[in-house]
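Here is how the chains run, residue by residue.
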Amino acid sequence: RLYHRLLAAGTGAADRTRRRESRRLPRAMVPDKKHDDTDKKHDDTAVVILATGVHAVEAAAAAAAAATTTANAAPVTVRTSSKRKFNHMQSVLEMDVDLKKPDVGIARERSRVQTGIKDEEGNQLSMNSRLTELGRAGLATELFFRTMRYCIIAFAILSAIGSIPLAYNVQLNAGVYSSLSVVATTIGRCCQHDWRLILYFQAIPWFFIVIVMVTFLYVLRYKQRAIAEYNDKNFLTASDFSVRLRAIPLDHSTEEELALFATEHGGTVAHVAVGWKCAEYIVFLNQWKQKQIEWRECKQERVDAGKLATLTNGKVEVLQKELLELESEMFKNKAVGAGGEATGTAFITFETGDSKMEFMEVHARSWWRELFEFKIVPRYFGVKLIVDVATEPSDVYWENIEFGEWAVFGRAIITLLATGVLIGASATALTFLARAKDSEIARLEASQGDSGDVLVAQYGRGISVMAAVIVNIGNQAINVAISYLTKLERRPTKTDYEESLYMKLAVAYVINTVVLILFVQPDATQWFEEGGVYAQALYIALAGGLPELNKIFALVMRCRRLCFSCTANTQARLNQLWEPPDSTMGEYYAGLTKILATGLVFGPAMPVILYVTLVNLCLAFVANKYAVLFVTKQPAAMDEGLSERFRDFMSFVVLASVCIMFVVLDVTVDGVRNKVDRVTPIAVVLILIWVLYFTCPVSVLPCFRRYVSKESHGSHSFHSIEGIQTYYNPVSQPVPSIQPQLLRDEKAAKALTLIKAKNAKIKGLKIRHDQRQKSGGLFGWGGEKDAESPLELKSPQPQEAKGEGFFGSIFSPSVALSSILLEAAEYRPTPTMVKVPEGVGPGGLVAVERSDGQTVQVRVPSDAYVGSTFYATV
């Protein structure tokens, strides 16, 4: 009875202490109303622990033995966010503590914080957000959605122009093709009666379609500069204060030497990041992260099975050994391996933008300026450095800096060969389909006579659908293969990777979607037959919206979460399952190119494809915006290089459209009885316009010139911006380790053994006490009523608990246990913001002072870096 009274007193003391502490909290620390339910859950949990006694403490100790605070997610990229909202997002990302039962709500909240683009207050942007707000994720993201908007406007104009030939095609082909035929909307045989029909209703609309697309390319070029200038003036990023140095002498690549050189010729330096070789180190680090999650999973399985004392048996021991070996390899690589070798590249971040501009101005002098201005570019240990504007921190692939251009080129050749194999497989399938179509249609026409038109139309429609399926399957296989192989090329920046990915995907998509169906059916006179080129092109265009729908539903990601979340034993594994996928702008641009190529090449001769393309563009705009905001991680901050590659590639698509339409009209003119060639002069004029666009140096005009920032951002300093990213080479950070967790496991196992021993002792003493009560009491007083009085005479004091005799032996374990429970009840763990000090990295320990004055050690998450902040519950 005294035991339960002590528990009840401990619960009341905890409530009173919590109320007193809440009155002393500042206003900013008072929990929000939306977190009241969570606080009540913590309160109820504390009461349950006190009410269930020793067994609850045992369970808590077992959970503590398996808990770590390693976070597996990269910090959220916030360009200008409020401090309070940024700290909240960081605290959510640190929710990686292994609970007794993994919480899907925590994983979902963590995924939500990582997903999408945040505004200046840290709130997630919505679907109706302005496109200028998307510029917070980088220039490339806003340019992509601006490009899609201009594409929609352009194809709305093209659809209006194409309505004229479409109406005449349907009207004049009504008596030529079957009513079920899809090729009735093409030029077909409708214009083979008079050359004027070809000129007025086909060639002239085609001329204006090409003029609109060339104008569209010029608009893109103009808007690119305007958007780049707007982003540079309105959004502050790390690149606004940083420069990239190349050709650095390898024996003089220390941070101290570079900082001294930059200070002498620029200004105050905020940070220096040297590009040490780290490819092998990052391979070890990624393996360590994956095996650490497996290790924690196995540990939690043992904890759930009640085998905390045997955690070093079986698979846990094997994974633990592998983790320690990986840590040893990382230490060796960092000390004497490739991690100690420089690559000749470094990133220097200045405290102000003025210092950066001054440093670049000093190193931007050419030889003729040195000759006439009598000023020599400063040499770094006798070497003239290559200085340019730094890319964003999220744009750098540190593990790829050490690879040269020839190594990257060799891997790119392998990617092209693999892509050629996939395109060859798709071409083989389409060739077989075309031959089967020709033989079957010839058989139907010979056997059925005039009544076979309907059968021929149905068969042709089936062939077209099969061709569309083959092309889409080939495109998906090409996407998977090229995405994987391009990562192996070791591009130094995310922008280079996305540009390489876009060019390969765009070329492969156009070949597989447009060129192959023309290649397997080279006879232009058969392009308008049932199941021919244009019938297949219509169904390929109709199927072009399916990949865009997949971006909204994200079936693979959702199935993975649904099927495997129930198998997770730890919060870390659950967080990994709920990790959102990366956003690849190169893939988005390639998908846009595929839709535009289908519309431009086949649309002029079959105007209904222009309408289908317009619908696909609208669907792609909504799907891509939804994916960027609610499905994938925030895109890396990239420059306008991807937009320039898209614009250059689209110019060749326009040229291909001119050539294909010229072939179609030329074949049509050959069938006209009163043949008068008016098509060739129009084609020559259009080709000259394209050559003029491609060769004219419009970049001499300021409005078409690529934007280069030449102004600083005034009084803004680098350290005054909340949430701004910094350049950090992973190999320069401390090696993560599981050894602190192993020490905590050992202490927790000892504490559990002690608690079990005390529990057994209390149980034995209670049995002896009950036996004496039944025999008449300890001092001879009889009956159960009198037996209660000796235990109620006086509350046990600490000095009595240390005494000898029966009272000392009976109160010593209970008082010790009660003191443990009272201490746990009086102090309530609270989230505390911790800043990573210099010299401490992932896996290291940081001393944190609790609100009750005690100092505890917390572990730095795996993705934190020096100077960053994270939240720990202490």
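Residues numbered from 1 in each chain as written. Predicted model: local features only at pLDDT ≥ 70, side-chain atom pairs only at ≥ 80, totals over all residues. Heavy atoms only, no water.

**Student:** Help me out: how do you make sense of the overall build of the chain in this one?
**Tutor:** The helix and strand inventory of the chain stands at 28 helices and 8 strands. Here the chain holds 874 residues, and the buried ones make up 50% of them. Once local pairs closer than 6 in sequence are excluded, the contacts in the chain between residues at least 24 apart make up 80%. Accessible surface computed for the chain: about 41,300 Å², of which carbon and sulfur atoms make up 60%. (Helix = DSSP H or I, 4+ residues; strand = E, 2+ residues; numbered from the N terminus. Buried < 20%, exposed > 50% of the residue type's maximum accessible area, 1.4 Å probe, protein only. Contact = heavy atoms within 4.5 Å. Areas by Shrake-Rupley, 256 points an atom, 1.4 Å probe, with all protein chains shown as cover.)

**Student:** For this particular structure, what's the right way to read the packing of aromatic side chains?
**Tutor:** Here the distance between the centres and the angle between the planes together describe a pair of aromatic rings. Evaluation of the coordinates by the stated rule reveals 27 aromatic pairs. Ring geometry for Tyr218 and Tyr693: centres 5.0 Å apart, planes at 90°, overall edge-to-face. Of this pair, Tyr218 sits in helix α7 (residues 195–234) while Tyr693 sits in helix α23 (residues 679–695), and the two are 475 residues apart along the sequence. Geometrically, the ring pair formed by Phe261 and Tyr380 is edge-to-face, given 5.1 Å between the ring centres and 70° between the ring planes. Residue Phe261 is located in helix α8 (residues 255–265), and its partner Tyr380 is located in the loop between α12 (367–373) and β4 (386–389); the two are separated by 119 residues in the primary sequence. For the residue pair Phe261 and Tyr380, the accessibility class agrees, reading buried in each case. These aromatic residues form a ring-pair network of at least three members: Phe144, Phe145, Tyr502, Tyr588, Tyr589, Phe621, Phe646 and Phe649. A cation sits over an aromatic face here: Lys594 above Tyr509, 5.0 Å from the ring centre. (Phe/Tyr/Trp six-rings, centres within 6.5 Å; stacked < 30°, edge-to-face > 60°. Lys NZ or Arg CZ within 6 Å of the ring centre and 35° of its normal.)

**Student:** Can you walk me through the environment of Glu327 in this structure?
**Tutor:** Position of Glu327 relative to the elements: it lies in helix α10 (residues 315–335). The class for Glu327 is buried, based on a relative accessible area of 2%. Between the alpha carbons of Glu327 and Pro736 there is a distance of 7.3 Å; along the sequence they are 409 residues apart. Glu327 has contacts with Trp288, Val735, Pro736, Ser737, Ile738 and Gln739, leaving out every residue within four places of it along the chain.

**Student:** Would you mind showing me how to read α23 here?
**Tutor:** It helps to recall that an α-helix has 3.6 residues per turn; residues three or four apart then point in one direction. The end-to-end C-alpha separation of α23 is 25 Å, in line with the 24 Å expected for 17 residues at 1.5 Å each. Where α23 is concerned, the buried positions are Val679, Ile682, Ala683, Leu686, Trp690 and Tyr693. Looking straight down α23, one finds that the buried residues subtend no more than 100° of arc, so they occupy a single side. Counted as exposed and oriented over 90 degrees from the buried face of α23: Leu688, Leu692 and Thr695. (Expected span 1.5 Å × (residues − 1). Arc of directions from axis to C-beta.)

**Student:** Is there a simple way to explain the nonpolar core in this structure?
**Tutor:** Most often, soluble globular proteins have nonpolar side chains that are buried together. Core analysis: the biggest nonpolar cluster contains 115 residues, and Trp206, Trp527, Tyr534 and Phe602 have the highest contact counts within it. Per-element accounting of this core gives the leading share, 14 residues, to α7. Every residue in contact with Trp527, bar those within four places of it in the chain, is listed here: Leu518, Gln521, Pro522, Gly532, Val533, Tyr534, Ile660, Val663 and Val664. Counting 47 residues, the second largest nonpolar core, distinct from the first, contains Phe241, Cys278, Trp398 and Ile724. (Core = buried A, V, L, I, M, F, W, Y, C linked by side-chain atoms within 4.5 Å.)

**Student:** Looking at this structure, how should I read the sheet that holds strand β1 (residues 242–246)?
**Tutor:** The strands making up a sheet are joined through hydrogen bonds of the backbone, oriented either antiparallel or parallel. Read from one edge to the other, the open sheet built from 4 strands follows the order β2-β3-β1-β4, with strand pairing classed as antiparallel. Strand pairing shows two members of the sheet lacking a second neighbour, β2 (269–276) and β4, which therefore form its edges. Each adjacent strand pair in this sheet contributes to an overall mean axis angle of 20°, direction not counted. Note: β1 against β4, 4 bridges, orientation antiparallel. Note that in β4 the partner of Arg244 across the bridge is Asp388. Sheet strands in contact with α8 are β1, β2 and β3 (342–350), and its direction is about 135° off that of β2. Against the sheet, helix α11 (residues 353–363) makes contact with β1, β3 and β4, and its axis sits at roughly 140° relative to β4, the strand it touches most. (Pairing = 2+ DSSP bridges. Axes fitted to C-alpha atoms, helices over the stretch in contact; angles between N-to-C directions.)

**Student:** So what exactly am I meant to see when it comes to a nonpolar patch on the surface here?
**Tutor:** A surface patch of nonpolar side chains, about 600 Å² in accessible area, is lined by Trp406, Phe409, Ile413, Leu416 and Leu417. Assignment of secondary structure puts Leu417 in helix α13 (residues 405–448). (Patch = residues over 30% accessible without salt bridge, like charges linked within 9 Å, V, L, I, M, F, W, Y side chains within 5 Å. Salt bridge = Lys/Arg side-chain N within 4 Å of Asp/Glu carboxyl O.)

**Student:** What is the right way to look at helix α5 (residues 104–114) in this model?
**Tutor:** Among the residues making up α5, those that are buried are Ile106, Ala107, Arg110, Ser111, Val113 and Gln114. Considered in projection along α5, the buried side chains sweep an arc of 160° and stay on one side of the axis. The residue sitting at the N-terminus of α5 and contributing the capping side-chain oxygen is Asp103; that oxygen lies 2.9 Å from the backbone nitrogen of Gly105. (Polar contact = N/O pair within 3.5 Å; in protein donor to acceptor, adjacent residues only side chain to side chain.)

**Student:** Teacher, can you tell me more about the pairing of β3 here?
**Tutor:** Consecutive residues of a regular strand have side chains that alternate between opposite faces of the sheet. The element β3 is extensively covered by neighbouring structure, given that 8 of its 9 residues are classed as buried. Inspection of the sheet shows β1 paired to β3 by 4 bridges, in the antiparallel sense. Counterpart to Ser242 in the pairing with β3 is Thr349. Two elements, β2 and β3, share 6 bridges in a ladder whose sense is antiparallel. Residue pairing for β3: Val272 is matched across the bridge by Ile348.

**Student:** Looking at this structure, I do not really get the pattern of salt bridges. What am I missing?
**Tutor:** Pairing between side chains becomes possible if they bear opposite charge and their charged atoms approach one another. One pass over the full model with this rule turns up 20 salt bridges. We note a salt bridge from Asp582 to Lys633, for which the minimum N-O separation is 3.9 Å. With a gap of 51 residues between them, Asp582 in the loop between α19 (571–577) and α20 (585–602) and Lys633 in the loop between α21 (608–631) and α22 (641–670) connect regions that are remote in the sequence. Since its relative accessible area comes to 21%, Lys633 is described here as partly exposed. Glu640 is the partner of Arg706 in a salt bridge, and the nearest nitrogen-oxygen pair spans 3.0 Å. Pair noted here: Arg706 is in the loop between α23 and α24 (739–774) and Glu640 is in the loop between α21 and α22, with a separation of 66 residues, a long-range link. Here Arg706 falls in the partly exposed class, since its relative accessible area comes to 40%. Where salt bridges share partners, they join Arg110, Glu579, Asp582 and Lys633 into one cluster.

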